[in-house]
Amino acid sequence: MIEYKGYLGVFDFEPDSGSFHGTVVNTNDVISFYGSSVTELRREMRRSVEEYLAFCREQNRPPEKPFSGKMMLRTTPELHRKVALQAARRRLSMNAWLQEVLEQAVAGD
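Residues numbered from 1 in each chain as written. Predicted model: local features only at pLDDT ≥ 70, side-chain atom pairs only at ≥ 80, totals over all residues. Heavy atoms only, no water.

1. What about the nonpolar core?
Among the nonpolar cores identified, the biggest contains 13 residues, and Tyr7, Val24, Ile31, Phe33, Met45, Val49 and Tyr52 are the most heavily contacted of them. Of all the secondary structure elements, the ones that give two or more residues to this core are strand 1 (2-4), strand 3 (19-24) and helix 1 (38-58). Among the elements that take part in this core, helix 1 stands out by supplying six residues, more than any other. The residues contacting Met45, other than those within four sequence positions of it, are Ile2, Glu3, Tyr4, Tyr7, Leu8, Gly9, Val24 and Phe33. (Core = buried A, V, L, I, M, F, W, Y, C linked by side-chain atoms within 4.5 Å. Buried < 20%, exposed > 50% of the residue type's maximum accessible area, 1.4 Å probe, protein only. Helix = DSSP H or I, 4+ residues; strand = E, 2+ residues; numbered from the N terminus. Contact = heavy atoms within 4.5 Å.)

2. Regarding the confidence of the model for the protein
Residues shown with low pLDDT carry predicted positions that ought not to be read at fine detail. Scored by pLDDT, the protein comes out at a mean of 92, with 100% of its residues at no less than 70. No element of the protein has a lower mean pLDDT than helix 3 (residues 94-106), at 92, and none a higher one than helix 1, at 96. (pLDDT = per-residue confidence, 0-100.)

3. Notes on the environment of Phe11
For Phe11, the position within the fold is in strand 2 (residues 7-14). Distance from Phe11 to Ala87, taken between C-alpha atoms, is 38 Å for residues 76 residues apart in sequence. Beyond its immediate stretch of four places on either side in the chain, Phe11 contacts Met1, Ile2, Phe20, His21, Gly22 and Leu41.

4. Looking at the pattern of salt bridges
The final tally for this structure, using the stated rule, is seven salt bridges. A salt bridge links Arg90 to Glu100, with the nearest nitrogen and oxygen atoms 2.9 Å apart. Here Arg90, found in the loop between helix 2 (77-89) and helix 3, pairs with Glu100, found in helix 3; they are ten residues apart in sequence, far enough to count as distant. Judged by relative accessible area, Glu100 falls into the partly exposed class, the value being 26%. Here the salt bridges share partners, and the residues they tie into one network are Arg43, Glu44, Arg47 and Glu51. (Salt bridge = Lys/Arg side-chain N within 4 Å of Asp/Glu carboxyl O.)

5. Comments concerning unusual backbone geometry
In the Ramachandran plot, Asn60 falls in the positive-phi region, its phi being about 55° despite a non-glycine side chain. Within the secondary structure, Asn60 sits in the loop between helix 1 and helix 2. Since its relative accessible area comes to 75%, Asn60 is described here as exposed. For Arg91, which is not a glycine, the phi torsion comes out positive at approximately 60°.

6. Observations concerning the packing of helix 2 against helix 3
Helix 3 packs onto helix 2 with a crossing angle of 95° between their chain directions and a minimal axis gap of 9 Å. The angle between the axes of helix 2 and helix 3 places the two elements in the roughly perpendicular class. Each of His80, Val83, Ala84, Gln86 and Ala87 in helix 2 lies in contact with helix 3, whose residues at this interface are Met94, Trp97 and Leu98. Taken together, the residues of the contact of helix 2 with helix 3 sort by class into six nonpolar, two polar and no charged. (Axes fitted to C-alpha atoms, helices over the stretch in contact; angles between N-to-C directions. Parallel < 35°, antiparallel > 145°, perpendicular 65-115°, else oblique. Nonpolar A, V, L, I, M, F, W, Y, C, P; charged D, E, K, R; others polar.)

Right, dumping it as structure tokens:
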């Protein structure tokens, strides 16, 4: 994974062409890039993100932010109930309780 201005790019190696193909994964807009080496891949990701930002300026629309701070979570009704009960036991909102749980889960990163 590579990062530029908060945008995260993941990539795969395509053996048939001998090149890498990458896409930015933390935006709904499509931003892709190619390169024949990791150095070129990084350069092309930067170029693609800059082109995306320039396009958004030309269109007079804000670019999608890489991370908005909002997450949509779909789960089962049973898990939803358990989360609500755990949060209530701690006298927290579900959002506050889930934030604590997620912070603990990624603390080792």
